[in-house]
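# Overview (structure and organization)
The residues making up each chain are set out below.
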Amino acid sequence: MSLQDKYKELTDLASNLGIANLQVREQDNVLYIDGEAQSAGDKEKIWDAYGKIDPDYRSADVVMNIEVAEGTTKDYTVKSGDSLSKIGKQFGVSWQTIFEANKDIIKNPDVIQPGWKLKIPKA
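Residues numbered from 1 in each chain as written. Predicted model: local features only at pLDDT ≥ 70, side-chain atom pairs only at ≥ 80, totals over all residues. Heavy atoms only, no water.

### Re the sheet that holds strand S1 (residues 20-27)
Backbone-to-backbone hydrogen bonds pair the strands of a sheet. The strands run either parallel or antiparallel. Sheet architecture is open: three strands sit in the order S1-S2-S3, paired in mixed fashion. Here the strands that pair on one side only, and so sit at the sheet edges, are S1 and strand S3 (62-68). Going across the sheet, the axis of each strand differs from the next one's by a mean of 5 degrees, ignoring polarity. The sheet contact formed by S1 and strand S2 (residues 30-37) spans six bridges and is antiparallel. Each residue of the ladder has a partner; that of Gln27, found in S2, is Val30. Across the sheet, helix H3 (residues 40-53) is in contact with S2 and S3; its angle to S3 comes to roughly 165 degrees. (Pairing = 2+ DSSP bridges. Helix = DSSP H or I, 4+ residues; strand = E, 2+ residues; numbered from the N terminus. Axes fitted to C-alpha atoms, helices over the stretch in contact; angles between N-to-C directions. Contact = heavy atoms within 4.5 Å.)

Below you can see the structure in the form of structure tokens.
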């Protein structure tokens, strides 16, 4: 079974949600999915679908670069005691969504530091 077959439900959902500039390619046993969602909610739906196919994200055979359209984020300054999960609950988005939107700042989703300015995609 090819990766495109394995993740057909995921790529069909991305297409049905109207992900702009959707590109799906398979290279070196990894499926790359790129595009731009109109909302963080649409991006979240794609991540949820991926989580159903690979619940623990252990296969390591998909790389998703789904950006959220401009103008759909808020700025947030990390405070002492914050975690991505805690921030996500506050704004109604998952920690994965915040992590994806801030990969330029966050290298490890378990380690964030007070004072960091994060982009929070709107739910």
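### Some words on the side chain of Asp82
Turning to its location among the elements, Asp82 is positioned in the loop between strand S4 (73-77) and helix H4 (84-91). At 4.0 Å, Lys86 is the nearest oppositely charged side chain to Asp82, a buried residue that forms no salt bridge. Among the polar contacts made by the side chain of Asp82, one reaches the main-chain amide nitrogen of Lys79 at a distance of 2.8 Å. Every residue in contact with Asp82, bar those within four places of it in the chain, is listed here: Tyr76, Thr77, Ile87 and Ile112. (Buried < 20%, exposed > 50% of the residue type's maximum accessible area, 1.4 Å probe, protein only. Lys, Arg positive; Asp, Glu negative; His and termini not counted. Salt bridge = Lys/Arg side-chain N within 4 Å of Asp/Glu carboxyl O. Polar contact = N/O pair within 3.5 Å; in protein donor to acceptor, adjacent residues only side chain to side chain.)

Just geometry here; none of it tells us what the structure is for.
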